Amino acid sequence: MALSGGGYTVMQQMMIDVTGQPFPEYMREAVLAPIGMTHSSFEQPLPPALAATTAAGLYAAGSP
């Protein structure tokens, strides 16, 4: 199965054009909030409050 990052970018822009809202805002209102995902976001970079609670990868030596 092949994935198309470009296809998702086009769909994201289409949603922005149709709704007139920033993509993260639209996704929060239309998808995340209705299903109770209050600690999830499509924002990049993550807002500081969410970034502070996210998992971080570790190097082999154990440092983040």
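The shown structure was predicted, so the numbers you read here are calculated from the model rather than taken from an experiment. Numbers given for residues are sequential positions, taken from 1 along each chain in its written order. Only residues with pLDDT of at least 70 get local features here, since the model is predicted, and only at 80 or more are side-chain atom pairs given and counted; chain-wide, interface and lining totals rely on the full set of residues. Derived side-chain values reflect all non-hydrogen atoms in the structure, with water molecules and hydrogen atoms excluded from consideration.

Burial classification: accessible surface area is computed with a 1.4 Å probe over protein chains only, and a residue below 20% of its type maximum counts as buried, one above 50% as exposed, and the rest as partly exposed. Helix and strand definitions follow DSSP, with helices as H or I runs of at least four residues and strands as E runs of at least two, each counted in order from the N terminus. Among all positions in helix α2 (residues 23–32), only Phe23, Met27 and Leu32 are buried. Along the axis of α2, the buried positions cluster into a sector of 90°, meaning they face one direction only. Here, two residues are considered to be in contact whenever any of their heavy atoms come within 4.5 Å of each other. Residues of α2 that are buried in the fold lie against α1 (5–19). Each C-beta atom gives one direction from the helix axis, and the arc is the one those directions make.

Along the polypeptide, Gln21 turns up in the loop between α1 and α2. Overall, the relative accessible area of 18% leaves Gln21 in the buried class. Identification of polar contacts relies on pairs of N or O atoms within 3.5 Å, with a donor-acceptor requirement for protein atoms, meaning one able to donate a hydrogen and the other able to accept it, and with residues adjacent in sequence counted only if both atoms are side-chain atoms. At 2.9 Å, the side chain of Gln21 forms a polar contact with the side chain of Glu29. Dropping the residues within four chain positions of it, Gln21 is found in contact with Ile16, Tyr26 and Glu29.

So, to be careful, I would describe these as geometric facts and stop short of saying anything about function.
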